[in-house]
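Below, each chain spelled out in residue letters.
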Amino acid sequence: MAISLLALPGAALAQSSGGARAAMESFDCRELAKADDDVSPRALFLRSLWASHCYNFQARAVRISYDGVRTLALTHRVEKGVETEVARFLDGPPVAVKKRGSVSQDSSQAALDFTAGVAPGALTAQIVEHYELQPMELERVAGRSAWRLDIEPQDGLRYGYRLWLDSETSLPLKREMIGVDGQILETFQITDLQSPSLYPETLRLGPGHPPADSPWQARWLPDGFTPQPIPPDSPKQSERAEHRMYSDGLTSISLFVEPLAGDQHPLLAGIHRLGISHAAVRHVIHQGRPMQILALGEAPAEVLARIASGVTWDEGSGGVDRAVGDAQGEQEDVTAETSTPGS
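Conventions used here
- Residues numbered from 1 in each chain as written.
- Predicted model: local features only at pLDDT ≥ 70, side-chain atom pairs only at ≥ 80, totals over all residues.
- Heavy atoms only, no water.
- Helix = DSSP H or I, 4+ residues; strand = E, 2+ residues; numbered from the N terminus.
- Buried < 20%, exposed > 50% of the residue type's maximum accessible area, 1.4 Å probe, protein only.
- Contact = heavy atoms within 4.5 Å.
- Areas by Shrake-Rupley, 256 points an atom, 1.4 Å probe, with all protein chains shown as cover.
- Core = buried A, V, L, I, M, F, W, Y, C linked by side-chain atoms within 4.5 Å.
- Disulfide = S-S within 2.5 Å.
- pLDDT = per-residue confidence, 0-100.
- Arc of directions from axis to C-beta.
- Phe/Tyr/Trp six-rings, centres within 6.5 Å; stacked < 30°, edge-to-face > 60°.
- Lys NZ or Arg CZ within 6 Å of the ring centre and 35° of its normal.
- Pairing = 2+ DSSP bridges.

## Remarks on the overall build of the protein
Okay, so step 1: Along the backbone of the protein there are three helices and 22 strands.
Okay, so step 2: Burial status across the protein gives 50% buried among its 343 residues.
Okay, so step 3: For the protein, the proportion of contacts with a sequence separation of at least 24, taken over those separated by at least 6, is 57%.
Okay, so step 4: Here the protein has roughly 15,800 Å² of accessible surface; of this, 49% comes from carbon and sulfur atoms.

## What about the environment of serine 167?
Okay, so step 1: Tracing the backbone through its elements, the reader meets serine 167 in the loop between β9 (160-166) and β10 (172-178).
Okay, so step 2: Accessibility expressed as a relative area gives 37% for serine 167, which makes it partly exposed.
Okay, so step 3: Separated by 119 residues in sequence, serine 167 and serine 48 have C-alpha atoms that sit 9.9 Å apart.

## Description of the side chain of arginine 63
Okay, so step 1: The topology assignment puts arginine 63 in strand β2 (residues 55-65).
Okay, so step 2: On the basis of relative accessibility, which here comes to 15%, the residue arginine 63 falls in the buried class.
Okay, so step 3: If near-sequence neighbours (up to four positions away) are discounted, arginine 63 is found in contact with Gly68, Val69, Arg70, Leu72, Glu186, Thr187 and Phe188.

## Some details on the nonpolar core
Okay, so step 1: Grouped together as the largest cluster of nonpolar side chains are 27 residues, with contacts concentrated most on Leu74, Leu193 and Leu203.
Okay, so step 2: Secondary-structure elements contributing two or more residues to this core are α1 (41-54), β2, β3 (68-79), β4 (82-89), β11 (184-198) and β12 (202-205).
Okay, so step 3: The leading source of residues in this core is β2, at four residues.
Okay, so step 4: When neighbours within four sequence positions are excluded, leucine 203 is seen to be in contact with Glu25, Ser26, Phe27, Cys29, Trp50, His53, Cys54, Val78 and Val103.

## Brief notes about the state of the cysteines
A covalent bond between the sulfur atoms of two cysteines is what we call a disulfide.
Okay, so step 1: Under the defined criterion, the tally for this structure stands at one disulfide.
Okay, so step 2: Across a sulfur-sulfur distance of 2.1 Å, cysteine 29 and cysteine 54 are joined as a disulfide pair. Since a negative S-S torsion denotes a left-handed disulfide, the cysteine 29-cysteine 54 link at about -75 degrees is left-handed. Linking cysteine 29 in the loop between β1 (25-28) and α1 with cysteine 54 in helix α1, this pair joins segments that are 25 residues apart in sequence.
Okay, so step 3: What makes cysteine 29 buried here is its relative accessible area of 0%.

## Considerations on the confidence of the model for the protein
Regions with low pLDDT should not have their predicted coordinates read in detail.
Okay, so step 1: Here the protein shows a mean pLDDT of 82. Residues at 70 or above account for 78%.
Okay, so step 2: pLDDT under 50 marks residues 1-11. Its contacts with residues more than four places away, or in other chains, come to 48 contacts.
Okay, so step 3: Contacts from residues 13-20, a stretch scored under 50 in pLDDT, to residues over four places away or in other chains number 24 contacts.

## Some thoughts on the environment of serine 40
Okay, so step 1: For serine 40, the location among the structural elements is in the loop between β1 and α1.
Okay, so step 2: The exposure class assigned to serine 40 is partly exposed, which follows from its relative accessible area of 30%.

## Some thoughts on helix α2 (residues 120-130)
In an α-helix, one turn spans 3.6 residues; hence positions three or four apart end up facing the same way.
Okay, so step 1: Within α2 the residues assigned to the buried category are Pro120, Leu123, Thr124, Gln126, Ile127 and His130. Seen along its axis, α2 keeps its buried residues to an arc of 165 degrees; they face one direction.
Okay, so step 2: In this structure, the buried residues of α2 make contact with β1, α1, β6 (131-133), β8 (144-153) and β12.

## As for the packing of aromatic side chains
The description of two aromatic rings rests on the distance between their centres and on the angle between their planes.
Okay, so step 1: Summed over the entire model, instances satisfying the criterion amount to two aromatic pairs.
Okay, so step 2: Note on phenylalanine 27 and tryptophan 50: the rings are 4.8 Å apart at their centroids and 15 degrees apart in plane angle, and the pair reads as stacked. With phenylalanine 27 in strand β1 and tryptophan 50 in helix α1, the pair connects residues that are 23 residues apart, well separated along the chain.
Okay, so step 3: A cation over an aromatic ring shows up here: arginine 70 above the ring of phenylalanine 89, its NZ or CZ 4.1 Å from the ring centre.
Okay, so step 4: Over the ring of tryptophan 164 we find lysine 174; its NZ or CZ atom is 4.5 Å from the centre of that ring.

## Describing the pairing of strand β18 (residues 277-286)
Okay, so step 1: When you tally the buried positions in β18, you get nine out of 10 residues, the bulk of the element.
Okay, so step 2: The pairing of strand β17 (residues 270-274) with β18 spans five bridges and is classified as antiparallel. Along β18, the bridge assignment pairs arginine 273 with histidine 278.
Okay, so step 3: Here β17 folds back onto β18 in antiparallel fashion, the turn holding two residues, of which glycine 275 has a positive phi close to 65 degrees.
Okay, so step 4: Bridge count for β18 against strand β19 (residues 289-297) is nine bridges, and the pairing is antiparallel. Bridged to histidine 286 within β19 is arginine 289.
Okay, so step 5: In textbook terms, the turn of a hairpin is the stretch between consecutive antiparallel strands, and for β18 and β19 this stretch comprises two residues, one of which, glutamine 287, has a positive phi near 50 degrees.

Listed below in structure tokens is the structure:
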């Protein structure tokens, strides 16, 4: 869970839709204290991205999702060019997430837990290619005046969002994830924002690390999804498992390919629901070995099923992708009835 953008998933962008690496961007956080007459949806969204990095604050928040209601304590700080985010769940199983990364040009900071270097300008440009930013209106959230911004996908291949951005600081105060049927899948809201203060220096963000190489490739992805670096807290690449990640700037999809050992119990082929996420599982035979392909993400089930069905192996010989055979000798129907994990 990322604290920036109120845990908006997939807020990463290693490449533009044209495949070029995004450039480093600089921003003087003190600019956020100045009045800005441009309150167009795109301008305020970009401003909120910088605000999510520039402000030091503590907050209490609530998450309403498939598993009920959970409360969190959030802390965000920038000190001497290092950004730190901490989230602690205050009920249910004790869970704390902490991330640190460099937001300066000091190369000595490069070995921290994560690179906070999402370039907001490049990210905004990517998002408006595949989502409509709808006109906003002022509402009230957590006792504060906030601009409501609707982010609607231009196709039925990804979820939409609603954001409420603090009119004083531009910090996101509330986020809703909207399914393709218009239903609210998850709500994340700050209930108490405590003494936000600006980092009084310039931040430098982007372009991030290049994606990891892998012979396993997704032959089909929705427009705008590009390969991403694997986060440090994700399952490691190993001889047994391959992990690929793709994002359109708001939504991330992971692809896992793993050989099945004789004593290993594979997941059932088909679609599994995991809270607000789905997982599409396919079993194949590759070079005489049984393999399990898993496409996982906060995306419509049919999208993940199509991704899993089109995975190929690139042996590096002339860039030719080779299809992999189904474990049963025929193409599996991965659009089977949705099930819960563990069956």
